[in-house]
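A closer look at the structure
Below, each chain spelled out in residue letters.
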4 protein chains.
Amino acid sequence: MDKKIIVGVIGTGRIGKLHTENIVNNFRNVEVKAVSDIYADKVKDWAHSLGIENVYEDYKQILNDPEINTVLICSSTNTHAQITIEAANAGKNIFCEKPIDYNVEKINEALEAVKKAGVKLQVGFNRRFDHNFKKVCDLVKEGKIGDPHIIKVTSRDPEAPPIEYVKVSGGMLLDMTIHDFDMVRYLSGSEVEEVYTNAAVLVDPKIGEAGDIDTAIITLKFKNGAIGVIDNSRRAAYGYDQRVEVFGSKGGITVSNDSDSSAVLSTEEGVFSEKPKYFFLERYKDSFISEMRDFFDAVENNTEPPVTGIDGLKPVLIGLAATKSYKEGRPIKIEEI
Amino acid sequence: MDKKIIVGVIGTGRIGKLHTENIVNNFRNVEVKAVSDIYADKVKDWAHSLGIENVYEDYKQILNDPEINTVLICSSTNTHAQITIEAANAGKNIFCEKPIDYNVEKINEALEAVKKAGVKLQVGFNRRFDHNFKKVCDLVKEGKIGDPHIIKVTSRDPEAPPIEYVKVSGGMLLDMTIHDFDMVRYLSGSEVEEVYTNAAVLVDPKIGEAGDIDTAIITLKFKNGAIGVIDNSRRAAYGYDQRVEVFGSKGGITVSNDSDSSAVLSTEEGVFSEKPKYFFLERYKDSFISEMRDFFDAVENNTEPPVTGIDGLKPVLIGLAATKSYKEGRPIKIEEI
Amino acid sequence: MDKKIIVGVIGTGRIGKLHTENIVNNFRNVEVKAVSDIYADKVKDWAHSLGIENVYEDYKQILNDPEINTVLICSSTNTHAQITIEAANAGKNIFCEKPIDYNVEKINEALEAVKKAGVKLQVGFNRRFDHNFKKVCDLVKEGKIGDPHIIKVTSRDPEAPPIEYVKVSGGMLLDMTIHDFDMVRYLSGSEVEEVYTNAAVLVDPKIGEAGDIDTAIITLKFKNGAIGVIDNSRRAAYGYDQRVEVFGSKGGITVSNDSDSSAVLSTEEGVFSEKPKYFFLERYKDSFISEMRDFFDAVENNTEPPVTGIDGLKPVLIGLAATKSYKEGRPIKIEEI
Amino acid sequence: MDKKIIVGVIGTGRIGKLHTENIVNNFRNVEVKAVSDIYADKVKDWAHSLGIENVYEDYKQILNDPEINTVLICSSTNTHAQITIEAANAGKNIFCEKPIDYNVEKINEALEAVKKAGVKLQVGFNRRFDHNFKKVCDLVKEGKIGDPHIIKVTSRDPEAPPIEYVKVSGGMLLDMTIHDFDMVRYLSGSEVEEVYTNAAVLVDPKIGEAGDIDTAIITLKFKNGAIGVIDNSRRAAYGYDQRVEVFGSKGGITVSNDSDSSAVLSTEEGVFSEKPKYFFLERYKDSFISEMRDFFDAVENNTEPPVTGIDGLKPVLIGLAATKSYKEGRPIKIEEI
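A quick note: this is a predicted structure, and the numbers were derived from the prediction, not measured.

**Overview of the packing of helix H6 (residues 131–141) of chain D against helix H9 (residues 177–188) of chain D**
Residues and elements named next belong to chain D.
- Two numbers describe how H6 lies on H9: the axes approach to 8 Å, and their chain directions differ by 35°. Between H6 and H9, the residues in contact are Phe133, Lys134, Val136, Cys137 and Val140 and Met183, Tyr186 and Leu187, respectively.
- Each residue belonging to the contact of H6 with H9 can be placed in one class, and the counts come to seven nonpolar, no polar and one charged.

**What to know about the interface of chain A and chain B**
- Contacts between chain A and chain B engage 41 residues on the former and 41 residues on the latter.
- Counting each side, the surface lost to burial between chain A and chain B is near 2,900 Å², with a carbon and sulfur contribution of 62%.
- Along the contact surface separating chain A from chain B lie six salt bridges.
- For Arg156(B), the salt bridge identified is with Glu245(A), shortest N-O distance 2.8 Å.
- On the surface where chain A and chain B come into contact, there are 14 residue pairs in polar contact (both at pLDDT 80 or more).

**Focus on the relation of the copies chain C and chain B**
- The transform that puts chain C on chain B rotates by 180° and translates by 0.0 Å along the axis, for an RMSD of 0.0 Å. The superposition operator between the copies reduces to a two-fold rotation axis. If distances are taken from each C-alpha of chain C to the rotation axis, the shortest is found for Asn25(C), at 2.3 Å.
- Take the interface residues of chain C: 100% of them recur as interface residues in chain B, which is what a same-surface contact looks like.

**A look at the packing of aromatic side chains**
- This structure, assessed with the given rule, holds 36 aromatic pairs over all chains.
- Between Phe133(B) and Tyr284(B), the ring centres sit 6.3 Å apart and the planes meet at 45°, which makes this aromatic pair tilted. Here Phe133(B) is found in helix H6 (residues 131–141), whereas its partner Tyr284(B) is found in the loop between helix H11 (280–283) and helix H12 (285–301), with 151 residues between them in sequence.
- Residue classification places Tyr284(B) among the buried positions, given a relative accessible area of 1%.
- Aromatic side chains Tyr240(C) and Tyr284(C) sit 5.9 Å apart centroid to centroid with 90° between the ring planes, which places their arrangement in the edge-to-face category.

**Digging into helix H5 (residues 104–117) of chain A**
Residues and elements named next belong to chain A.
- When the terminal C-alpha atoms of H5 are compared, their 20 Å separation across 14 residues agrees well with the 20 Å that a helix rising 1.5 Å per residue should span.
- Among the residues of H5, Ile107, Ala110, Leu111, Ala113 and Val114 are the ones counted as buried. Relative to the axis of H5, the buried residues are bounded by an arc of 155° and lie together on one face. Along H5, exposed side chains directed more than 90 degrees from the buried face belong to Glu105, Lys115 and Lys116.
- Along its buried surface, H5 packs onto helix H4 (77–89), strand E5 (93–96), strand E6 (121–123) and helix H13 (309–328).
- Gly118 occupies a position one or two residues after H5 and carries a positive phi of about 70°.

**Some details on the interface of chain C and chain B**
- Across the contact, 28 residues belong to chain C and 28 residues belong to chain B.
- With both sides pooled, the region where chain C packs onto chain B buries about 2,100 Å², and carbon together with sulfur makes up 47% of that total.
- Per-residue buried area on chain C facing chain B is highest for Arg28(C), Ser262(C) and Leu265(C); these three make up 24% of the total on that side.
- The tally of links between chain C and chain B comes to two salt bridges.
- Residue Glu274(B) pairs with Lys135(C) through a salt bridge whose shortest N-O separation is 3.6 Å.
- At the junction of chain C and chain B, the tally comes to 13 residue pairs in polar contact (both at pLDDT 80 or more).
- At the level of secondary structure, the elements contributing two or more residues to the side of chain C that touches chain B comprise helix H1 (14–26), helix H6 (131–141), strand E12 (251–255) and strand E13 (264–267) of chain C.

**Focus: the pattern of salt bridges**
- Summed over all chains, the structure comprises 119 salt bridges over all chains.
- A salt bridge links Asp241(B) to Arg156(B); the shortest N-O distance between them is 3.2 Å. Of this pair, Asp241(B) sits in strand E11 (residues 241–248) while Arg156(B) sits in strand E7 (residues 148–156); the two residues are 85 residues apart in sequence, bridging distant segments of the chain.
- Residue class for Asp241(B) comes out buried when judged on its relative accessible area of 1%.
- Accessibility expressed as a relative area gives 0% for Arg156(B), which makes it buried.
- Through salt bridges with shared partners, one network takes in Lys152(A), Glu245(A), Arg156(B), Asp231(B), Asp241(B) and Arg243(B).

**Quick word on the state of the cysteines**
- Scanning the entire structure with this criterion turns up zero disulfides over all chains.
- Distance from the sulfur of Cys96(C), which forms no disulfide, to the nearest cysteine sulfur (Cys74(C)) is 8.2 Å.

**Things to note about the UniProt feature "domain: Gfo/Idh/MocA-like oxidoreductase N-terminal" (unreviewed entry) in chain A**
- What UniProt calls "domain: Gfo/Idh/MocA-like oxidoreductase N-terminal" (unreviewed entry) maps, in this numbering, to residues 7–125 of chain A.
- For residues 7–125 of chain A, helix accounts for 45% and strand for 21%, while the C-alpha atoms at its two ends are 20 Å apart.

**With respect to the packing of helix H5 (residues 104–117) of chain C against helix H13 (residues 309–328) of chain C**
All names here are of chain C.
- For the pair H5 and H13, interaxial distance at closest approach is 10 Å and the crossing angle is 175°. When the axis of H5 is compared with that of H13, the two are roughly antiparallel. Contact residues: Val104, Ile107, Asn108 and Leu111 in H5; Gly309, Ile310, Leu313, Val316, Leu317 and Leu320 in H13.
- Along the lines of polarity and charge, the residues of the contact of H5 with H13 split into eight nonpolar, two polar and no charged.

Reading the values: rules and limits
- Residues numbered from 1 in each chain as written.
- Chains lettered and ligands numbered in written order.
- Predicted model: local features only at pLDDT ≥ 70, side-chain atom pairs only at ≥ 80, totals over all residues.
- Heavy atoms only, no water.
- Axes fitted to C-alpha atoms, helices over the stretch in contact; angles between N-to-C directions.
- Helix = DSSP H or I, 4+ residues; strand = E, 2+ residues; numbered from the N terminus.
- Contact = heavy atoms within 4.5 Å.
- Nonpolar A, V, L, I, M, F, W, Y, C, P; charged D, E, K, R; others polar.
- Buried area = accessible area lost by both parts, 1.4 Å probe.
- Salt bridge = Lys/Arg side-chain N within 4 Å of Asp/Glu carboxyl O.
- Polar contact = N/O pair within 3.5 Å; in protein donor to acceptor, adjacent residues only side chain to side chain.
- Least-squares fit on C-alpha atoms with pLDDT ≥ 70 in both.
- Phe/Tyr/Trp six-rings, centres within 6.5 Å; stacked < 30°, edge-to-face > 60°.
- Buried < 20%, exposed > 50% of the residue type's maximum accessible area, 1.4 Å probe, protein only.
- Expected span 1.5 Å × (residues − 1).
- Arc of directions from axis to C-beta.
- Disulfide = S-S within 2.5 Å.
- UniProt positions renumbered as here; feature names shortened; annotations may be inferred.
- Parallel < 35°, antiparallel > 145°, perpendicular 65-115°, else oblique.

Below, the structure written as structure tokens:
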């Protein structure tokens, strides 16, 4: 069978490995021809077990392979923009993990290169492909709730990251909330114009000492008149809490968490049900496959990917505004960024 | 049987009637000796059908009856403070419907009079006595969720009030959200220190023309470090939406809406369940009885009522701050009021 | 106010007291003029506190009072049939607690007397008036599930009764399941034609020693072709379990248990919700008021009561058939009884 | 990489294809070396697309390949027993789709051959591996509900099969309910001793004309004293309905259906949620992978497979007894079969 899409995966840490395995196991018309990793030695066995023979240390070997028409950029965040530019210049279609960068100028340069090269770019906001959130978006688009009035996102991690990570993360609002900023754009079908951050250090004082926050309520104003709110915590004792609600002129939609089973145990002590799925790779398992499917469809059919370069840029702008809002204690317009 | 609590009800509109009937039907040791209403003629038949013989036009006849030791003030809002003062001076125990007033000075005068007279005063924040919210409060107090981090209240009316009412209501934040300001104090066990209002006119442009808002997200900072958010709408198409969530260091609690039955109908078209109870008197039916029970207990046992004068004052202060925040587009500290 | 319905309550044990209080507190147009109890001395204070002056030892004093037009028969089961006959002969409308009797002949005699006298008779199958079950019945009648195919009732008590009670109860199938036999008739809108009982002693061996069972699955065939199943236990560790399901050609309806609040607590240990209401008087609280309302309506408007004498007879026939089925280990047709 | 388990798949209809794809996509240490199908031509392209080069018309070519150590028997039911015997004689480990046969003698012959050959045999009762049912079983085994008293299974198909299929299916109780007979054994941890069938033709009169039933309630007695009930319909308008409940001395466990999302839409018309997953391959998707995983583990570690030959036999015995019960209108002991 001729495979039309020949992929190279750049960076095979946790998320790079996941995408690679998803492609091998689910897309028979897509070939992963090569992977690159700065620790190539460590991932060789893994790659070979998947039938991938080419394992490079230098991602440029992937960019230089004319047979490879598509790359996945899964390397560390600070390399995303640069590799995107090089990959675009090499004429490759690009799936780039989020965020492209935290620097707006760099993002714009990367988007410019992509535009000039006329290649596809999809950014890895996988949650849009989650069965629950996609259903909400579909129902909103179908007009079931009329005009959106209030968008609500609850997003709480099961555990705070290590302090060393917190220090280099860019701050919770850019590291964690960025997914939620994408989500509110996705669900509202509109752009955020203003943001106000009410945040605190309640989970771990060390996070405060590292200059970050761990608990936040962020309110938003949208161009279409709707208003929104995101609440975040770095640590929900009961697990990974990922819910949304969209309320509008004709009604509302809510989605609750996924869990491992629907079992409900009733005893003298009470009525017990399962906790939410704990780990994001479990919770969003299928969404990672779906985003790949839509990306490959866009490449194959020469259509616009479902998450574009602009979709990569906007959440960063909102995140920067939210951070500024927290620091200055006032609402910030996105255009101030 | 000797009845120790002899009640006079001042104002027998919707809520005054409700309290009167609740007392007659549920508290055999309490006697409603008299009611007063500026339209006494219109309520005579109703009162007599309950076995209440004394129906006055002038509430002072109630205050002048030495046998009556307790009054319910259910007249129009602008009379609450004045009648509270007079009733206190007459040595009556007082149940006063919310709010005492929208003017802080007037409230303080009333509280002063109550204090001086040494009578009981309970303010009618009935939602604290709701089975769902009371359970949340109890679980929080028992430490089940550890330290509170995030308090969330969703409060949406089934229908916007008439524009004529909107014009004199004091504004949505004082008229409707005031219940939610009481609720966050109740659930957090702490005082609000700062408030920020993100609001819009989305339900009905006429509300905007009348100078008010109809949709709002209000964020809050509490003295104990917790943060909170209230979202309001004057019109939820599916009915009266009253939910809360408290999230803390050890977990979270949510409560959902009450409905008329637990029936779930599954057909080819989908899975249908009941809408939330539509009308606040239905939704909060039992809470009105419970608040009376606790008030009479406080009177009888000479203990502090569960909702004090201060509990009547604070939500007004928060409401004034929230209104100012909306007008000035910035977070407002309560101490600025 | 002239009260058209003047009631005498015969027997003021737990259920007699409940009905009396419900009438006094909820039906201002109904007067409870007298109560009778073989332990009249013990209930005098209670009656007087409700404003009921006449407390008799002998129920005949009630039957002899020409002003009383309606009686509630709440005395012990073995007196129901006899008092029903006497009350009918005295021209009183009758609300009789379930069952009329366990002896079919006696029931028929009572029904005959009622028919001859032309008085109203309603039997106390209160569960038909429960908000959940009524909703199911309404949806079935509206044709929402098409033709009924399968009727399922789960009915489990929170605790087994004392062994002394078990011995005189007539057996679980007549004492406890009788409510469920009424329920399946109510929900199916059809008559049971055949019954098969699969039962065991699993809760308490003493119940077996007393000649009874404590756990049962009873299957049913209905005249309209539908089939059904009831499952019973004398003891559900988590509380009073009362659920039904009706499945038909166009879909299905289920109802779940009521609980004290909708609170859901999520912690590291799991997700906890409230147990079902434990006590039948709590669980079915409102249904007892509703059945009275409908009874008084039937009396006042001279219409057929919602639960007739035949509705009192049929469940006893099914219960006798179910008992015979258990003893003989084979399905039993109702016509065999 | 050396693959220890070399598989041949016999029969590549719907379920054979599913297993093959699941192995290729999920078990890198397992090789599918060959498939056979009486319509080999029709499946060649499919097989090659998966990298399987050997596609035979005659399954004996698989049995004769000494490198193949494991076979999946997915051919038509009437060939299962014979091929099982031949595969056992050829020393292959066997995964055989359910049922082995409807003839008890033939099943026993097959089991005998497997025993003599000392090979592994797992029977394809995949529902045991479903996330929901497995959780129930685990909780029961952990003693969370104490001793099981009542086992309930609701199992309804979304659509009746074609009449031509009904005619050769062996009857609903053997064709469809057989899964539920396995389920009650799995959940109760005990053997069925007696069965009574209450059945009807309510979905489609043509099914009755074909000599079968389409709606049934089957009650069961277990060796450990517990009792049980299964309710079946060939057609649930709302989709595939698969629920169980286990009730015991210390409490109960229920599981509900899976659906595509947790979205709940509330509008003026009502509150809508998703229907159950409609198609069994979707509903039980992961269970098919899990049963393979456990089978390969048993082969690799030389342990007993989780669903043994006896587990293949027993549900057939219960199904035959249930059929006899329906025909004779009386409870049937399994030992009568």
